[in-house]
Amino acid sequence: MKKLFENYQKFINEQQDYFYTYLASSFSHKWDDDIWYVGLHGTGWLQGSGKSTLPFSLIHKTTKGFESNFTIDSKEYKDFMKAVLVFNYRKKQSVSTTVAVASVLILKRWYYSLFTLTGQKHPVYLKTDIIEDAMSRYTNSSKTGDPNIVSTFCRCAELQNPVNYYAFSVSPLDFKNNL
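Everything numeric in this text was worked out from a predicted model, so none of it was measured.

Chemist: Mind showing me how you'd approach the nonpolar core here?
Modeler: Core analysis: the largest hydrophobic core is formed by 54 residues, its most contacted members being Trp36, Trp45, Phe80 and Trp110. Looking at this core, the elements with two or more residues in it are helix H1 (2-23), strand E1 (35-39), helix H2 (75-92), helix H3 (97-118), helix H4 (128-140), helix H5 (148-159) and helix H6 (161-166). If you tally residues by element for this core, the top one is H2, at nine residues. Not counting residues up to four positions away in its chain, the partners in contact with Trp36 are Phe19, Phe27, His29, Lys30, Trp31, Trp45, Leu46, Thr53, Leu54, Phe56, Lys82 and Leu85.

Chemist: Is there a simple way to explain H1 in this structure?
Modeler: Residues that lie three or four places apart on an α-helix share one face, since the helix turns once every 3.6 residues. With 22 residues, H1 should reach 32 Å at 1.5 Å per residue; the first-to-last C-alpha distance of 30 Å fits that figure. What H1 keeps buried is the set Leu4, Asn7, Tyr8, Phe11, Ile12, Gln15, Gln16, Tyr18, Phe19 and Leu23. Taken end-on, H1 shows its buried residues confined to a sector of 165°, consistent with a single buried face. Exposed side chains of H1 directed beyond 90 degrees from the buried face belong to Lys2, Lys3 and Thr21.

Chemist: Looking at this structure, how should I read the packing of aromatic side chains?
Modeler: Two descriptors summarise a pair of aromatic rings, namely the distance from one centre to the other and the angle between the planes of the rings. For the coordinates displayed, the defined rule picks out 25 aromatic pairs. Between Phe27 and Trp45 the ring centres are 5.6 Å apart and the planes differ by 55°, which places this aromatic pair in the tilted class. Highlighted residues: Phe27 in the loop between H1 and E1 and Trp45 in the loop between E1 and strand E2 (51-55), separated in sequence by 18 residues. Residue Phe27 shares its accessibility class with Trp45, and that shared class is buried. On the basis of an interplanar angle of 70° and a centroid distance of 6.1 Å, the ring pair of Trp31 and Trp36 is categorised as edge-to-face. The same class applies to Trp31 and to Trp36, which are both buried. Taken together, the ring pairs connect Tyr8, Phe11, Phe70, Tyr77, Phe80, Phe87, Tyr111, Tyr112, Phe115, Tyr165, Tyr166 and Phe168 into an aromatic cluster.

Chemist: Quick question: what am I supposed to make of the environment of Lys3 here?
Modeler: For Lys3, the location among the structural elements is in helix H1. With relative accessibility at 53%, the residue Lys3 sits in the exposed group. Sequence separation of Lys3 and Ala167 is 164 residues, and the distance between their C-alpha atoms is 9.0 Å.

Cut-off values and rules
- As a convention, each chain's residues are numbered from 1 in the sequence order in which they are written.
- Whole-chain, interface and lining totals are the exception, using all residues; otherwise, since this is a predicted model, local features are given only for residues with pLDDT of at least 70 and side-chain atom pairs are given and counted only at 80 or more.
- Excluding hydrogens and water, the side-chain figures rest on all heavy atoms present in the structure.
- The nonpolar core is taken to be a set of buried Ala, Val, Leu, Ile, Met, Phe, Trp, Tyr and Cys residues, with the residues joined through side-chain atoms within 4.5 Å.
- Categorising residues by exposure relies on relative accessible area from a 1.4 Å probe, with only protein chains included: less than 20% of the type maximum marks a residue as buried, more than 50% marks it as exposed, and the intermediate range marks it as partly exposed.
- We count a stretch as a helix when DSSP gives it H or I for four or more residues in a row; a strand needs E for two or more, and each element gets its number in order from the N terminus.
- Throughout, a residue-residue contact means that at least one pair of heavy atoms, one from each residue, lies within 4.5 Å.
- A helix's residues, less one, multiplied by 1.5 Å, set its expected span.
- It is the directions from the helix axis to the C-beta atoms whose arc is reported.
- Paired rings are identified among Phe, Tyr and Trp, the last through its six-membered ring, by centres lying within 6.5 Å, and are further divided according to the angle between planes into stacked (under 30 degrees), edge-to-face (over 60) and tilted (the rest).

Below you can see the structure in the form of structure tokens.
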């Protein structure tokens with residue numbers, strides 16, 4: 001387990017270093033802020049079209065599949081969500097408002113399933129069955145034929161890449177987009 005936590009910290013440190021070196025100077029938010037603005041109200045690397053926020057501490061009850069607000073109180077998990085955003089930005093040198101919002105929503109779904117199924121809050125405890133539960137909750141709360149389901153599943157499969165690359169989960173994540 002010690003190695004998993006070290007790998008997790010390496011992932012976070014590398015993304016934070018990139019954030020502070022290349023992104024922070026033109027960005028109006030600090031790494032530890034609980035909300036980042038994206039789109040028209042965003043700055044720097046998160047500036048673009050649309051208007052939205054990325055609240056890292058709250059899953060709002062209006063989110064599909066949630067009947068009440070749910071708080072994410074794990075600094076490690078919030079750092080994980082931010083690091084995944086930075087990691088994906090580094091790969092493509094851009095991130096759209098839609099992709100940023102969708103990615104954070106998926107990661108929040110993972111957190112909810114992680115916590116409700118295991119009682120754990122740290123991303124090293126993520127496993128494929130947790131991601132499958134999160135996506136099952138999503139599809140069960142969606143309308144039949146919802147066109148967003150396929151893109152959400154594709155994005156979900158992509159979001160497991162940094163976890164596997166840095167090898168910090170208790171087992172490799174192997175979520176398959178079977179849609």
